[in-house]
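Each chain, letter by letter, is given below.
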Amino acid sequence: MIKLILLYGILLFSFLSNGQTPTEQKIKTLYQQNIVGGKVNYANLVENPLALDQLLNAYALNPIPEVGKKAYLINAYNIFVIAGIVENYPTPSVQNVANFFDDPHFVLAQKMISLNTLEKKYLLQQFPDPRLHFVLVCGAIGCPPITKNVFTAENIDELLDLQTKTAINSNFIQYDVASKKISLSQIFKWYISDFGGNQQKVIGFINTYIDSPIPSDTKLDYYPYNWKLNGTDVFKSKATDIPSSTTNLQTFTAGSLLRKHQYDITLFNTLYTESAKNFAGTDFNNYRGTFVTHLAQITYGVSNNKRINLGIDLNFKYSGEIANSGNFSGISEAFKFKNTSTSRVGLTNVGLRFKAQPFKNSPEFTLQSTVQIPTIKNAEGTTNLFWADWDRITWWNQFYYSKTWDKVQLFTEFDLLFRLKKYKEQITMLDLPLSVFLSYFPKPKITLYVMSQHVPRLTYNIKPEVATDWVIPANYTASGLGFKYQVSKQMNIELLYTNFWRGVNNGLGNTFNIGIKFISP
(Lines give C-alpha, C1' and ligand atoms only; values in the text may rest on other atoms or scores of the structure.)
Protein backbone atom coordinates (compact mmCIF):
# COMPACT_ATOMS: atom_id res chain seq x y z
CA MET A 1 0.00 0.00 0.00
CA ILE A 2 2.80 2.40 0.98
CA LYS A 3 4.60 1.60 -2.27
CA LEU A 4 1.44 2.42 -4.26
CA ILE A 5 1.07 5.77 -2.48
CA LEU A 6 4.73 6.61 -3.14
CA LEU A 7 4.36 5.63 -6.81
CA TYR A 8 1.23 7.79 -7.12
CA GLY A 9 3.06 10.70 -5.54
CA ILE A 10 5.98 10.33 -7.95
CA LEU A 11 3.61 10.24 -10.93
CA LEU A 12 1.70 13.26 -9.64
CA PHE A 13 4.88 15.24 -9.14
CA SER A 14 6.04 14.29 -12.64
CA PHE A 15 2.74 15.48 -14.08
CA LEU A 16 2.88 18.78 -12.22
CA SER A 17 6.46 19.37 -13.30
CA ASN A 18 5.92 18.61 -17.00
CA GLY A 19 2.92 20.44 -18.43
CA GLN A 20 1.05 20.95 -15.19
CA THR A 21 -1.91 22.81 -16.66
CA PRO A 22 -4.31 21.85 -19.45
CA THR A 23 -3.31 25.01 -21.36
CA GLU A 24 0.38 24.09 -21.20
CA GLN A 25 -0.44 20.56 -22.36
CA LYS A 26 -2.35 21.95 -25.37
CA ILE A 27 0.56 24.26 -26.24
CA LYS A 28 3.02 21.37 -26.02
CA THR A 29 0.90 19.26 -28.38
CA LEU A 30 0.48 22.14 -30.83
CA TYR A 31 4.23 22.85 -30.81
CA GLN A 32 5.18 19.19 -31.26
CA GLN A 33 2.90 18.94 -34.30
CA ASN A 34 3.67 22.28 -35.94
CA ILE A 35 7.24 23.39 -35.11
CA VAL A 36 10.20 22.11 -37.08
CA GLY A 37 13.71 23.52 -36.70
CA GLY A 38 12.57 26.69 -34.97
CA LYS A 39 9.95 27.44 -37.67
CA VAL A 40 6.16 27.15 -37.62
CA ASN A 41 4.00 25.17 -40.03
CA TYR A 42 1.30 27.82 -40.47
CA ALA A 43 -0.29 26.00 -43.41
CA ASN A 44 -1.08 23.00 -41.22
CA LEU A 45 -2.63 25.25 -38.57
CA VAL A 46 -4.82 26.82 -41.27
CA GLU A 47 -6.19 23.40 -42.16
CA ASN A 48 -6.46 22.27 -38.53
CA PRO A 49 -7.42 25.34 -36.45
CA LEU A 50 -9.19 23.59 -33.56
CA ALA A 51 -6.23 23.37 -31.15
CA LEU A 52 -5.25 26.99 -31.75
CA ASP A 53 -8.84 28.19 -31.32
CA GLN A 54 -9.08 26.29 -28.04
CA LEU A 55 -5.94 28.00 -26.77
CA LEU A 56 -7.26 31.43 -27.76
CA ASN A 57 -10.50 30.71 -25.90
CA ALA A 58 -8.56 29.59 -22.83
CA TYR A 59 -6.47 32.77 -22.77
CA ALA A 60 -9.61 34.86 -23.31
CA LEU A 61 -11.61 33.35 -20.45
CA ASN A 62 -9.06 32.30 -17.81
CA PRO A 63 -7.55 34.75 -15.31
CA ILE A 64 -3.80 35.36 -15.38
CA PRO A 65 -2.25 33.21 -12.62
CA GLU A 66 0.02 34.83 -10.06
CA VAL A 67 2.10 31.67 -9.75
CA GLY A 68 3.96 31.18 -13.02
CA LYS A 69 2.68 34.50 -14.38
CA LYS A 70 5.85 35.24 -16.35
CA ALA A 71 5.82 31.86 -18.08
CA TYR A 72 2.09 32.15 -18.75
CA LEU A 73 2.50 35.51 -20.51
CA ILE A 74 5.46 34.33 -22.61
CA ASN A 75 3.39 31.41 -23.87
CA ALA A 76 0.45 33.73 -24.52
CA TYR A 77 2.57 36.12 -26.60
CA ASN A 78 3.92 33.38 -28.83
CA ILE A 79 0.49 31.80 -29.30
CA PHE A 80 -1.05 35.18 -30.16
CA VAL A 81 1.65 35.83 -32.77
CA ILE A 82 1.00 32.44 -34.35
CA ALA A 83 -2.76 33.09 -34.34
CA GLY A 84 -2.28 36.51 -35.92
CA ILE A 85 -0.24 35.02 -38.74
CA VAL A 86 -2.67 32.16 -39.29
CA GLU A 87 -5.48 34.70 -39.56
CA ASN A 88 -3.64 36.51 -42.36
CA TYR A 89 -2.02 33.49 -43.99
CA PRO A 90 -0.54 33.31 -46.57
CA THR A 91 1.62 36.39 -46.05
CA PRO A 92 5.35 36.80 -46.70
CA SER A 93 5.85 38.81 -43.51
CA VAL A 94 4.08 40.23 -40.50
CA GLN A 95 5.20 43.59 -41.90
CA ASN A 96 2.62 43.03 -44.66
CA VAL A 97 -0.19 42.88 -42.10
CA ALA A 98 -1.32 46.40 -41.19
CA ASN A 99 -1.04 47.22 -37.49
CA PHE A 100 0.03 43.66 -36.64
CA PHE A 101 1.66 44.53 -33.31
CA ASP A 102 -0.49 47.53 -32.32
CA ASP A 103 -4.02 46.28 -33.01
CA PRO A 104 -5.68 45.09 -29.74
CA HIS A 105 -6.81 42.03 -31.59
CA PHE A 106 -6.41 39.42 -28.85
CA VAL A 107 -8.28 38.74 -25.64
CA LEU A 108 -6.34 38.00 -22.47
CA ALA A 109 -8.30 37.39 -19.25
CA GLN A 110 -11.37 39.07 -20.81
CA LYS A 111 -9.39 42.19 -21.81
CA MET A 112 -8.61 43.18 -25.38
CA ILE A 113 -4.88 43.55 -25.83
CA SER A 114 -2.25 44.18 -28.51
CA LEU A 115 1.02 42.32 -28.89
CA ASN A 116 3.00 45.46 -28.07
CA THR A 117 1.01 46.00 -24.87
CA LEU A 118 1.53 42.38 -23.84
CA GLU A 119 5.27 42.59 -24.51
CA LYS A 120 6.04 46.00 -23.05
CA LYS A 121 3.44 46.56 -20.33
CA TYR A 122 2.69 43.04 -19.10
CA LEU A 123 6.12 41.46 -19.52
CA LEU A 124 9.07 43.88 -19.83
CA GLN A 125 7.59 46.41 -17.40
CA GLN A 126 6.65 43.84 -14.76
CA PHE A 127 9.61 41.50 -15.39
CA PRO A 128 12.63 43.60 -16.53
CA ASP A 129 14.57 40.61 -17.79
CA PRO A 130 16.61 41.06 -21.03
CA ARG A 131 16.41 37.31 -21.66
CA LEU A 132 12.77 37.87 -22.65
CA HIS A 133 13.97 39.20 -26.00
CA PHE A 134 15.22 35.71 -26.85
CA VAL A 135 11.96 33.88 -26.14
CA LEU A 136 9.30 36.27 -27.49
CA VAL A 137 8.99 35.20 -31.11
CA CYS A 138 7.58 37.86 -33.45
CA GLY A 139 6.93 35.58 -36.42
CA ALA A 140 10.03 36.55 -38.43
CA ILE A 141 13.33 34.88 -39.33
CA GLY A 142 15.11 37.68 -37.46
CA CYS A 143 13.37 36.69 -34.24
CA PRO A 144 14.78 34.04 -31.91
CA PRO A 145 13.91 30.53 -33.10
CA ILE A 146 10.74 29.25 -31.46
CA THR A 147 11.23 26.29 -29.16
CA LYS A 148 9.05 23.22 -28.85
CA ASN A 149 9.35 23.54 -25.08
CA VAL A 150 6.53 25.15 -23.11
CA PHE A 151 7.41 27.68 -20.42
CA THR A 152 6.24 26.72 -16.93
CA ALA A 153 6.78 28.06 -13.43
CA GLU A 154 9.32 25.29 -12.85
CA ASN A 155 11.45 25.52 -15.99
CA ILE A 156 11.30 29.22 -16.88
CA ASP A 157 14.81 30.23 -15.75
CA GLU A 158 16.35 27.16 -17.31
CA LEU A 159 14.56 27.78 -20.62
CA LEU A 160 15.33 31.51 -20.61
CA ASP A 161 19.04 30.73 -20.26
CA LEU A 162 18.89 27.96 -22.86
CA GLN A 163 17.06 30.06 -25.50
CA THR A 164 19.28 33.09 -24.86
CA LYS A 165 22.39 30.95 -25.31
CA THR A 166 20.93 29.31 -28.44
CA ALA A 167 20.07 32.66 -30.08
CA ILE A 168 23.34 34.39 -29.24
CA ASN A 169 25.38 31.47 -30.56
CA SER A 170 23.41 31.29 -33.79
CA ASN A 171 21.66 34.02 -35.76
CA PHE A 172 21.93 36.94 -33.32
CA ILE A 173 25.68 37.41 -33.79
CA GLN A 174 27.27 37.59 -37.23
CA TYR A 175 31.02 37.56 -37.95
CA ASP A 176 32.79 38.90 -41.01
CA VAL A 177 36.07 36.93 -41.04
CA ALA A 178 37.76 39.19 -43.61
CA SER A 179 37.14 42.47 -41.80
CA LYS A 180 36.92 40.94 -38.34
CA LYS A 181 33.69 42.89 -37.95
CA ILE A 182 30.91 41.80 -35.58
CA SER A 183 27.28 42.66 -36.33
CA LEU A 184 24.43 42.16 -33.91
CA SER A 185 20.71 41.71 -34.25
CA GLN A 186 18.75 44.98 -34.31
CA ILE A 187 17.10 43.78 -31.09
CA PHE A 188 20.25 44.84 -29.21
CA LYS A 189 19.85 48.32 -30.70
CA TRP A 190 16.09 48.71 -30.28
CA TYR A 191 16.18 47.56 -26.64
CA ILE A 192 19.69 48.71 -25.69
CA SER A 193 18.37 50.12 -22.39
CA ASP A 194 17.29 46.60 -21.38
CA PHE A 195 20.88 45.41 -21.87
CA GLY A 196 22.50 48.15 -19.80
CA GLY A 197 22.23 51.23 -21.99
CA ASN A 198 25.53 51.14 -23.91
CA GLN A 199 27.54 48.82 -26.18
CA GLN A 200 30.00 47.85 -23.47
CA LYS A 201 27.12 46.56 -21.32
CA VAL A 202 25.70 44.78 -24.37
CA ILE A 203 29.04 43.00 -24.88
CA GLY A 204 29.06 42.04 -21.21
CA PHE A 205 25.61 40.49 -21.54
CA ILE A 206 26.56 38.64 -24.72
CA ASN A 207 29.74 37.25 -23.14
CA THR A 208 27.65 35.67 -20.39
CA TYR A 209 26.14 33.31 -22.97
CA ILE A 210 28.43 33.20 -26.02
CA ASP A 211 30.82 30.30 -26.57
CA SER A 212 33.68 32.57 -27.75
CA PRO A 213 33.70 35.83 -25.74
CA ILE A 214 33.93 39.19 -27.55
CA PRO A 215 36.70 41.61 -26.48
CA SER A 216 35.22 44.47 -24.50
CA ASP A 217 36.66 47.11 -26.87
CA THR A 218 35.07 45.56 -29.96
CA LYS A 219 33.20 48.05 -32.15
CA LEU A 220 29.77 46.68 -32.87
CA ASP A 221 27.47 47.14 -35.84
CA TYR A 222 23.92 45.94 -36.50
CA TYR A 223 22.78 43.89 -39.48
CA PRO A 224 19.37 44.45 -41.16
CA TYR A 225 16.49 42.69 -39.47
CA ASN A 226 15.03 39.83 -41.49
CA TRP A 227 11.24 40.19 -41.41
CA LYS A 228 10.62 37.20 -43.68
CA LEU A 229 8.03 34.85 -42.17
CA ASN A 230 9.42 32.10 -39.93
CA GLY A 231 7.24 29.52 -41.67
CA THR A 232 8.01 26.06 -42.98
CA ASP A 233 6.52 24.04 -45.83
CA VAL A 234 7.58 20.65 -44.47
CA PHE A 235 3.94 19.60 -44.38
CA LYS A 236 2.15 20.19 -47.67
CA SER A 237 -1.21 21.96 -47.43
CA LYS A 238 -4.13 21.89 -49.86
CA ALA A 239 -5.60 25.11 -48.49
CA THR A 240 -2.77 27.49 -47.77
CA ASP A 241 -4.89 30.52 -48.65
CA ILE A 242 -7.70 29.99 -46.13
CA PRO A 243 -7.20 31.62 -42.70
CA SER A 244 -8.87 30.01 -39.72
CA SER A 245 -10.06 32.99 -37.73
CA THR A 246 -11.49 36.43 -38.33
CA THR A 247 -10.91 40.14 -38.02
CA ASN A 248 -11.64 41.65 -34.62
CA LEU A 249 -15.11 43.07 -35.22
CA GLN A 250 -15.23 44.99 -31.95
CA THR A 251 -12.34 47.28 -32.88
CA PHE A 252 -13.21 47.30 -36.59
CA THR A 253 -14.12 50.82 -37.75
CA ALA A 254 -15.11 52.53 -40.99
CA GLY A 255 -11.39 53.14 -41.49
CA SER A 256 -10.28 49.52 -41.02
CA LEU A 257 -8.91 47.66 -44.03
CA LEU A 258 -9.31 44.11 -45.28
CA ARG A 259 -6.54 41.81 -46.46
CA LYS A 260 -6.43 40.50 -50.01
CA HIS A 261 -9.52 38.45 -51.03
CA GLN A 262 -11.28 39.23 -47.73
CA TYR A 263 -14.71 40.85 -48.05
CA ASP A 264 -17.07 42.82 -45.84
CA ILE A 265 -20.85 43.06 -46.27
CA THR A 266 -22.52 45.77 -44.20
CA LEU A 267 -26.22 46.61 -44.04
CA PHE A 268 -26.99 49.86 -42.22
CA ASN A 269 -30.62 50.82 -41.79
CA THR A 270 -31.52 54.36 -40.70
CA LEU A 271 -34.83 55.95 -39.85
CA TYR A 272 -34.63 59.74 -39.56
CA THR A 273 -37.74 61.60 -38.47
CA GLU A 274 -38.29 65.27 -37.69
CA SER A 275 -41.15 67.50 -36.61
CA ALA A 276 -39.22 70.76 -36.45
CA LYS A 277 -36.65 72.67 -38.47
CA ASN A 278 -35.04 76.06 -38.73
CA PHE A 279 -34.78 77.84 -42.07
CA ALA A 280 -33.82 81.44 -42.81
CA GLY A 281 -34.30 82.35 -39.16
CA THR A 282 -37.81 80.86 -38.89
CA ASP A 283 -38.80 77.75 -36.92
CA PHE A 284 -41.22 75.32 -38.56
CA ASN A 285 -43.24 72.63 -36.79
CA ASN A 286 -46.62 70.86 -36.80
CA TYR A 287 -45.63 68.35 -39.47
CA ARG A 288 -43.79 65.02 -39.56
CA GLY A 289 -41.10 64.31 -42.16
CA THR A 290 -39.48 60.85 -42.26
CA PHE A 291 -36.63 59.41 -44.32
CA VAL A 292 -35.68 55.72 -44.25
CA THR A 293 -32.39 54.58 -45.78
CA HIS A 294 -31.12 51.05 -46.37
CA LEU A 295 -27.41 51.26 -47.18
CA ALA A 296 -25.74 48.10 -48.47
CA GLN A 297 -21.94 48.23 -48.64
CA ILE A 298 -19.72 45.55 -50.13
CA THR A 299 -15.97 45.97 -49.60
CA TYR A 300 -13.19 43.77 -50.99
CA GLY A 301 -9.46 43.59 -50.20
CA VAL A 302 -7.29 43.75 -53.32
CA SER A 303 -3.70 44.24 -52.11
CA ASN A 304 -1.21 41.86 -50.51
CA ASN A 305 -0.13 44.49 -48.01
CA LYS A 306 -3.67 45.13 -46.72
CA ARG A 307 -3.54 48.76 -47.78
CA ILE A 308 -6.11 49.02 -50.61
CA ASN A 309 -9.81 48.08 -50.62
CA LEU A 310 -12.50 48.59 -53.27
CA GLY A 311 -16.23 48.72 -52.68
CA ILE A 312 -19.72 49.44 -53.95
CA ASP A 313 -22.58 51.20 -52.11
CA LEU A 314 -26.29 50.80 -52.81
CA ASN A 315 -28.73 53.30 -51.27
CA PHE A 316 -32.39 52.28 -51.18
CA LYS A 317 -34.67 54.91 -49.64
CA TYR A 318 -38.26 55.68 -48.89
CA SER A 319 -39.60 58.86 -47.39
CA GLY A 320 -42.78 60.74 -46.61
CA GLU A 321 -44.21 63.82 -44.97
CA ILE A 322 -47.58 64.47 -43.37
CA ALA A 323 -48.80 67.99 -42.59
CA ASN A 324 -50.73 69.22 -39.56
CA SER A 325 -49.43 66.38 -37.40
CA GLY A 326 -46.19 66.33 -35.44
CA ASN A 327 -46.78 63.06 -33.56
CA PHE A 328 -44.96 59.84 -34.32
CA SER A 329 -47.92 58.28 -36.14
CA GLY A 330 -46.87 60.46 -39.05
CA ILE A 331 -43.89 58.15 -39.61
CA SER A 332 -46.23 55.77 -41.42
CA GLU A 333 -46.33 58.14 -44.40
CA ALA A 334 -42.81 57.01 -45.32
CA PHE A 335 -43.95 53.38 -45.44
CA LYS A 336 -46.57 53.84 -48.14
CA PHE A 337 -43.95 52.70 -50.71
CA LYS A 338 -45.46 54.97 -53.37
CA ASN A 339 -44.18 57.80 -55.51
CA THR A 340 -46.59 60.63 -54.69
CA SER A 341 -46.48 64.26 -53.58
CA THR A 342 -46.15 63.09 -49.96
CA SER A 343 -44.18 59.81 -50.21
CA ARG A 344 -41.35 58.33 -52.25
CA VAL A 345 -39.51 55.01 -52.74
CA GLY A 346 -36.62 53.72 -54.85
CA LEU A 347 -32.95 52.87 -55.33
CA THR A 348 -31.73 56.46 -55.25
CA ASN A 349 -27.99 56.17 -55.92
CA VAL A 350 -25.07 53.80 -56.46
CA GLY A 351 -21.58 54.54 -55.18
CA LEU A 352 -18.13 53.29 -56.23
CA ARG A 353 -15.63 53.37 -53.36
CA PHE A 354 -11.83 53.36 -52.93
CA LYS A 355 -10.21 52.99 -49.49
CA ALA A 356 -6.49 53.04 -48.70
CA GLN A 357 -3.80 53.36 -46.06
CA PRO A 358 -1.65 56.09 -47.66
CA PHE A 359 1.31 55.91 -45.27
CA LYS A 360 2.95 52.51 -44.77
CA ASN A 361 4.05 53.19 -41.20
CA SER A 362 0.80 54.89 -40.10
CA PRO A 363 -1.93 52.22 -40.15
CA GLU A 364 -4.06 54.30 -37.79
CA PHE A 365 -4.66 56.80 -40.63
CA THR A 366 -6.76 55.81 -43.66
CA LEU A 367 -8.80 57.57 -46.31
CA GLN A 368 -11.78 56.73 -48.47
CA SER A 369 -13.19 58.30 -51.62
CA THR A 370 -16.66 57.53 -53.02
CA VAL A 371 -18.47 58.74 -56.13
CA GLN A 372 -22.25 58.39 -55.85
CA ILE A 373 -24.39 58.53 -58.98
CA PRO A 374 -28.18 59.20 -58.84
CA THR A 375 -30.27 56.32 -60.18
CA ILE A 376 -33.81 57.63 -59.72
CA LYS A 377 -35.60 60.15 -61.93
CA ASN A 378 -36.47 63.53 -60.41
CA ALA A 379 -34.71 62.58 -57.16
CA GLU A 380 -35.23 66.03 -55.58
CA GLY A 381 -38.95 65.96 -56.31
CA THR A 382 -41.40 67.94 -58.44
CA THR A 383 -44.83 69.43 -57.89
CA ASN A 384 -46.31 65.94 -57.91
CA LEU A 385 -43.36 64.03 -56.43
CA PHE A 386 -41.92 64.17 -52.92
CA TRP A 387 -38.18 64.41 -52.19
CA ALA A 388 -36.20 61.13 -52.54
CA ASP A 389 -32.50 62.11 -52.56
CA TRP A 390 -30.03 64.62 -53.95
CA ASP A 391 -30.17 64.70 -57.76
CA ARG A 392 -26.45 65.44 -58.10
CA ILE A 393 -23.15 63.63 -58.49
CA THR A 394 -21.75 63.29 -54.96
CA TRP A 395 -18.01 63.05 -54.37
CA TRP A 396 -17.44 61.99 -50.76
CA ASN A 397 -13.90 62.01 -49.33
CA GLN A 398 -13.43 60.66 -45.78
CA PHE A 399 -10.29 60.85 -43.65
CA TYR A 400 -10.12 58.45 -40.70
CA TYR A 401 -7.91 58.23 -37.64
CA SER A 402 -8.22 55.62 -34.89
CA LYS A 403 -6.30 54.80 -31.73
CA THR A 404 -7.00 51.98 -29.30
CA TRP A 405 -5.83 51.55 -25.69
CA ASP A 406 -6.87 48.21 -24.14
CA LYS A 407 -10.59 48.83 -23.42
CA VAL A 408 -10.93 52.27 -25.00
CA GLN A 409 -10.87 53.36 -28.63
CA LEU A 410 -10.91 56.83 -30.18
CA PHE A 411 -12.11 57.08 -33.78
CA THR A 412 -12.32 60.37 -35.66
CA GLU A 413 -13.50 61.24 -39.15
CA PHE A 414 -13.26 64.40 -41.24
CA ASP A 415 -15.07 64.61 -44.59
CA LEU A 416 -15.10 66.69 -47.74
CA LEU A 417 -18.51 65.97 -49.26
CA PHE A 418 -19.12 67.66 -52.61
CA ARG A 419 -22.58 67.68 -54.23
CA LEU A 420 -21.83 68.75 -57.77
CA LYS A 421 -24.64 70.38 -59.72
CA LYS A 422 -25.99 68.63 -62.83
CA TYR A 423 -28.26 71.38 -64.10
CA LYS A 424 -27.88 75.16 -64.39
CA GLU A 425 -30.68 75.78 -61.92
CA GLN A 426 -28.79 73.89 -59.21
CA ILE A 427 -25.89 74.99 -57.01
CA THR A 428 -22.79 73.13 -55.82
CA MET A 429 -22.63 72.27 -52.11
CA LEU A 430 -19.76 71.33 -49.84
CA ASP A 431 -20.41 69.65 -46.48
CA LEU A 432 -17.56 69.42 -43.95
CA PRO A 433 -18.64 66.76 -41.41
CA LEU A 434 -16.42 66.22 -38.37
CA SER A 435 -17.27 63.14 -36.28
CA VAL A 436 -15.83 61.74 -33.06
CA PHE A 437 -16.54 58.27 -31.63
CA LEU A 438 -15.35 57.12 -28.21
CA SER A 439 -15.79 53.37 -27.64
CA TYR A 440 -15.49 51.23 -24.54
CA PHE A 441 -15.12 47.43 -24.54
CA PRO A 442 -16.50 46.08 -21.25
CA LYS A 443 -16.52 42.50 -22.58
CA PRO A 444 -14.79 40.85 -25.55
CA LYS A 445 -18.06 40.74 -27.55
CA ILE A 446 -19.60 44.04 -26.43
CA THR A 447 -18.87 47.63 -27.47
CA LEU A 448 -20.49 50.72 -26.00
CA TYR A 449 -19.83 54.09 -27.60
CA VAL A 450 -20.79 57.74 -27.69
CA MET A 451 -20.52 59.93 -30.75
CA SER A 452 -20.93 63.53 -31.81
CA GLN A 453 -20.95 65.11 -35.25
CA HIS A 454 -20.90 68.69 -36.47
CA VAL A 455 -21.66 69.42 -40.13
CA PRO A 456 -21.28 72.87 -41.69
CA ARG A 457 -22.55 73.25 -45.28
CA LEU A 458 -21.11 75.74 -47.75
CA THR A 459 -22.82 76.61 -51.04
CA TYR A 460 -21.61 78.06 -54.32
CA ASN A 461 -24.03 79.72 -56.72
CA ILE A 462 -22.23 80.96 -59.81
CA LYS A 463 -25.38 82.34 -61.50
CA PRO A 464 -27.75 83.64 -58.84
CA GLU A 465 -30.17 84.96 -61.45
CA VAL A 466 -31.06 81.43 -62.62
CA ALA A 467 -30.62 79.38 -59.45
CA THR A 468 -33.82 78.16 -57.84
CA ASP A 469 -32.21 76.04 -55.12
CA TRP A 470 -31.58 77.61 -51.72
CA VAL A 471 -28.18 79.20 -51.21
CA ILE A 472 -28.18 79.85 -47.46
CA PRO A 473 -25.28 78.07 -45.69
CA ALA A 474 -26.41 75.58 -43.08
CA ASN A 475 -25.00 73.59 -40.20
CA TYR A 476 -26.16 71.14 -37.59
CA THR A 477 -24.85 69.19 -34.59
CA ALA A 478 -25.94 65.68 -33.60
CA SER A 479 -24.91 63.36 -30.77
CA GLY A 480 -25.72 59.75 -30.04
CA LEU A 481 -25.28 56.52 -28.11
CA GLY A 482 -24.37 53.19 -29.70
CA PHE A 483 -24.04 49.50 -28.89
CA LYS A 484 -22.37 46.65 -30.79
CA TYR A 485 -22.59 42.94 -30.07
CA GLN A 486 -20.53 40.25 -31.78
CA VAL A 487 -22.92 37.38 -32.42
CA SER A 488 -20.24 35.19 -34.05
CA LYS A 489 -16.61 35.33 -35.13
CA GLN A 490 -17.68 36.87 -38.44
CA MET A 491 -20.79 38.91 -37.69
CA ASN A 492 -21.96 41.64 -35.33
CA ILE A 493 -25.01 43.84 -34.92
CA GLU A 494 -25.05 47.53 -34.05
CA LEU A 495 -27.69 49.84 -32.58
CA LEU A 496 -27.33 53.63 -32.64
CA TYR A 497 -29.59 56.48 -31.57
CA THR A 498 -28.77 60.08 -32.49
CA ASN A 499 -30.41 63.39 -31.73
CA PHE A 500 -30.04 66.48 -33.94
CA TRP A 501 -30.11 68.89 -31.05
CA ARG A 502 -29.15 72.10 -32.83
CA GLY A 503 -29.16 73.41 -36.38
CA VAL A 504 -29.25 76.45 -38.61
CA ASN A 505 -31.24 76.13 -41.84
CA ASN A 506 -31.61 72.46 -41.12
CA GLY A 507 -34.07 69.93 -39.72
CA LEU A 508 -34.11 68.98 -36.04
CA GLY A 509 -34.94 65.33 -35.58
CA ASN A 510 -33.80 61.89 -34.41
CA THR A 511 -32.34 58.81 -36.03
CA PHE A 512 -32.79 55.16 -35.10
CA ASN A 513 -30.16 52.91 -36.66
CA ILE A 514 -29.65 49.16 -36.94
CA GLY A 515 -26.51 47.77 -38.58
CA ILE A 516 -25.39 44.26 -39.46
CA LYS A 517 -21.80 43.51 -40.48
CA PHE A 518 -20.36 40.28 -41.88
CA ILE A 519 -16.64 39.87 -42.56
CA SER A 520 -15.30 36.80 -44.31
CA PRO A 521 -12.61 34.64 -42.66
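Cut-offs and rules
- Residues numbered from 1 in each chain as written.
- Predicted model: local features only at pLDDT ≥ 70, side-chain atom pairs only at ≥ 80, totals over all residues.
- Heavy atoms only, no water.
- UniProt positions renumbered as here; feature names shortened; annotations may be inferred.
- Helix = DSSP H or I, 4+ residues; strand = E, 2+ residues; numbered from the N terminus.
- Core = buried A, V, L, I, M, F, W, Y, C linked by side-chain atoms within 4.5 Å.
- Buried < 20%, exposed > 50% of the residue type's maximum accessible area, 1.4 Å probe, protein only.
- Contact = heavy atoms within 4.5 Å.
- Domains from an automatic or database assignment.
- Buried area = accessible area lost by both parts, 1.4 Å probe.
- Salt bridge = Lys/Arg side-chain N within 4 Å of Asp/Glu carboxyl O.
- Polar contact = N/O pair within 3.5 Å; in protein donor to acceptor, adjacent residues only side chain to side chain.
- Disulfide = S-S within 2.5 Å.
- Pairing = 2+ DSSP bridges.
- Phe/Tyr/Trp six-rings, centres within 6.5 Å; stacked < 30°, edge-to-face > 60°.

> Could you clarify how one ought to interpret the UniProt feature "domain: DUF547" (unreviewed entry) in the chain in this entry?
Mapped onto this numbering, the UniProt entry annotates "domain: DUF547" (unreviewed entry) at residues 68-165. For residues 68-165, the helix share is 40%, the strand share is 6%, and the end-to-end C-alpha distance is 22 Å.

> For this particular structure, what's the right way to read the nonpolar core?
Side chains of nonpolar character tend, in soluble globular proteins, to be buried together. By size, the foremost hydrophobic cluster in this structure holds 73 residues, and its most contacted members are L108 and F188. Looking at this core, the element that brings in the most residues is helix α5 (residues 69-87), giving 13 residues. In this structure F188 touches F134, I168, F172, I173, F195, V202, F205, I206 and Y222, once residues within four positions along its chain are discounted.

> Sorry, what's going on with the domain arrangement of the chain here?
Accessible area lost when the parts come together is the quantity often used to give the size of an interface. Examined at the domain level, the chain breaks down into domain 1 (22-223) and domain 2 (262-462 + 472-519). Of note, the centres of domain 1 and domain 2, computed from C-alpha atoms alone, are 45 Å apart. At the junction of the two partners, domain 1 supplies 13 residues and domain 2 supplies twelve residues. Roughly 1100 Å² is buried in total at the junction of domain 1 and domain 2, and carbon and sulfur atoms are behind 53% of that figure. Per-residue buried area on domain 1 facing domain 2 is highest for A98, Q110 and M112; these three make up 42% of the total on that side. Summed over the shared surface of domain 1 and domain 2, the number is zero salt bridges. Summed over the shared surface of domain 1 and domain 2, the number is one residue pair in polar contact (both at pLDDT 80 or more).

> Explanation requested: the state of the cysteines in the structure shown.
Covalently bonding the sulfur atom of one cysteine to the sulfur atom of another cysteine gives a disulfide. In total, this model carries one disulfide according to the counting rule given. The side chain of C138 participates in a disulfide bridge whose partner is C143; the two sulfur atoms lie 1.9 Å from each other. Disulfide C138-C143: torsion about the S-S bond near -65°, hence left-handed. Taken individually, C138 and C143 each receive the classification buried, so the pair is uniform in this respect.

> Can you help me understand the pattern of salt bridges in this one?
Applying the stated rule across the entire model yields 13 salt bridges. Between D313 and R353 there is a salt bridge, with the nearest N and O atoms lying 2.9 Å from each other. Here the residue D313 occupies a position in strand β10 (residues 308-323), and R353 occupies one in strand β11 (residues 343-356), the gap between them amounting to 40 residues. Taken as a pair, D313 and R353 share a single burial class, namely buried. Counted as one network, the salt bridges with shared partners bring together K70, D129, R131, D157 and D161.

> Quick question: what am I supposed to make of the pairing of strand β6 (residues 181-184) here?
Note on strand geometry: in a regular strand, side chains alternate between the two faces of the sheet. With four bridges connecting them, strand β5 (residues 173-176) and β6 associate as antiparallel partners. Across the sheet, residue D176 finds its bridge partner in β6, namely K181.

> Explanation requested: the packing of aromatic side chains in the structure shown.
To describe a pair of aromatic rings, one takes the distance between the centres and the angle between the planes. Enumeration according to the criterion identifies 33 aromatic pairs in this entry. Ring plane angle 65° and centroid distance 6.1 Å describe the contact between F134 and F195, whose orientation is recorded as edge-to-face. Taken together, the positions of F134 in the loop between α6 (115-124) and α7 (156-168) and F195 in the loop between α8 (187-190) and α9 (199-209) put the pair 61 residues apart, joining distant regions of the chain. Of the two residues examined, F134 and F195, each falls in the buried class.

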